[in-house]
Amino acid sequence: MALQRNLADSMTAIRAEQKKSLSEFAEELSISRSSLQDILKGKGNPTLSTVELIAEQLGADPLLLLSCPESEMRAAVYLARLLDWFRQLPSEEQQEFSAAISTLLAILTKQRE
């Protein structure tokens, strides 16, 4: 049951982040809307090949979908979006952003000591 719940939570977090309707999300995943609803309710029992297909469509590791609680998946999705944003910055801005993050981490590390 934990695997079903983790899959449901992971997919719920990804769907919420993408702001997609059930129909849009099901179409993206190449599964029926009713199958998606069952999975999201934690009642679906998808085959491993279906889990692999879903993971492939989402660009995610199937093990991550099955093992990650919703809060961690939301953080992972947010971090992935942040990294995509960072990659789109010009090189000079990437360097400035990296320097600012390094400074912030140094300040936070000093405060913990």
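Before any of the text, the structure's been laid out above.
Analysis parameters
Counting of residues starts from 1 at the beginning of each chain's written sequence and follows it residue by residue. Predicted model: local features are reported for residues with pLDDT of at least 70 only, side-chain atom pairs are reported and counted for 80 or more only, and whole-chain, interface and lining totals are derived from all residues. The basis for every side-chain value is the complete set of heavy atoms in the structure, and neither hydrogens nor water enter the calculation. Strands here are runs of E lasting at least two residues and helices are runs of H or I lasting at least four, both read from the DSSP assignment and numbered beginning at the N terminus. Atoms counted for the radius of gyration: C-alpha only. Globule rule: 2.2 Å times the number of residues to the power 0.38. Three exposure classes are used, based on accessible area relative to the maximum for each residue type with a 1.4 Å probe and protein chains only: buried under 20%, partly exposed in between, and exposed over 50%. Note on contacts: a residue pair is in contact if any heavy atoms of the two residues lie within 4.5 Å. Method for areas: the Shrake-Rupley scheme with a 1.4 Å probe, in which residue coverage is limited to the protein chains shown. Only four residue types enter the tally: Lys and Arg on the positive side, Asp and Glu on the negative side; His and the chain ends are excluded. By convention, charge coordinates are those of NZ in Lys, CZ in Arg, CG in Asp, or CD in Glu. Any residue with relative accessible area above 30% and no salt bridge may belong to a patch, with like charges joined within 9 Å and the nonpolar Val, Leu, Ile, Met, Phe, Trp and Tyr side chains within 5 Å. What makes a salt bridge here is a side-chain nitrogen of Lys or Arg within 4 Å of a carboxyl oxygen of Asp or Glu, nothing more. Stacked, edge-to-face and tilted are the three classes for Phe, Tyr and Trp ring pairs, Trp counted by its six-membered ring, which pair at centre distances within 6.5 Å; planes under 30 degrees apart are stacked, over 60 edge-to-face, the rest tilted. Interaxial angle, 0 to 180 degrees, is taken between N-to-C directions of lines fitted to C-alpha atoms, where a helix line uses only the stretch in contact. By definition in this entry, angles of less than 35 degrees are roughly parallel, angles greater than 145 are roughly antiparallel, angles of 65 to 115 are roughly perpendicular, and the rest are oblique. Left-handed is the label given to a crossing in which the near helix is rotated counterclockwise from the far helix by less than a right angle, and right-handed is the label when the rotation is clockwise.

Undergrad: I'd like a description of the overall build of the protein, backed by residues and values.
TA: Of the regular secondary structure elements, the protein holds 7 helices and 0 strands. In the protein, the order of α-helices and β-strands from amino to carboxyl end is α-α-α-α-α-α-α. Computed over the C-alpha atoms, the radius of gyration of the protein is 18 Å, more than 25% above the 13 Å expected from 2.2 N^0.38 for a compact globule of 113 residues. Burial statistics for the protein: of 113 residues in total, 27% are counted as buried. The contacts of the protein with a sequence gap of at least 6 include a subset with a gap of at least 24, amounting to 56%. For the protein, the accessible surface area stands at approximately 7,800 Å², while carbon and sulfur atoms represent 55% of it. Within the protein, the 16 negative side-chain charges are centred at a point lying 8 Å from the centre of the 12 positive side-chain charges.

Undergrad: Summarise a nonpolar patch on the surface; cite the residues concerned and give the values.
TA: Together, Tyr-78, Leu-79, Leu-82, Leu-83 and Trp-85 make up a nonpolar patch on the protein surface, roughly 490 Å² of accessible area in all. Tracing the backbone shows Leu-83 in helix α6 (residues 70-88).

Undergrad: I'd like a rundown of the packing of aromatic side chains, residues and numbers included.
TA: For the coordinates displayed, the defined rule picks out 2 aromatic pairs. Ring centres 5.3 Å apart and planes at 75° place the aromatic pair Trp-85 and Phe-97 in the edge-to-face group. In this pair, Trp-85 is assigned in helix α6 and Phe-97 in helix α7 (residues 91-112), connecting sequence segments 12 residues apart. With a relative accessible area of 40%, Trp-85 lands in the partly exposed category. On the accessibility criterion, Phe-97 (29% relative accessible area) is partly exposed. Arranged with centres 5.7 Å apart and planes meeting at 50°, the rings of Phe-86 and Phe-97 form a pair that is tilted. Within this pair, whereas Phe-86 is found in helix α6, its partner Phe-97 is found in helix α7, the two being separated by 11 residues in sequence. Taken together, the ring pairs in this structure connect Trp-85, Phe-86 and Phe-97 into an aromatic cluster.

Undergrad: I'd like to hear about the packing of helix α1 (residues 2-18) against helix α2 (residues 22-29), residue by residue, with values.
TA: Contact geometry for α1 and α2: axes closest at 11 Å, N-to-C directions at 115°. The angle between α1 and α2 places the two elements in the roughly perpendicular class. Here α1 and α2 pass one another in a crossing that is right-handed. Of the residues in α2, those in contact with Met-11, Ile-14, Arg-15 and Gln-18 of α1 are Leu-22, Phe-25, Glu-28 and Leu-29.

Undergrad: How would you summarise the pattern of salt bridges if you had to cite specific residues and measurements?
TA: Oppositely charged side chains may form a pair once their charged atoms are brought near each other. This model, assessed by the stated rule, comprises 4 salt bridges. Notably, a salt bridge pairs Glu-28 with Lys-20, separated by 2.4 Å at the nearest N-O pair. On the basis of relative accessibility, which here comes to 28%, the residue Lys-20 falls in the partly exposed class. Across the pair Arg-87 and Asp-84 runs a salt bridge, and its minimum N-O distance is 3.1 Å. Here Asp-84 and Arg-87 lie together in helix α6, a separation of 3 residues that amounts to about one turn.

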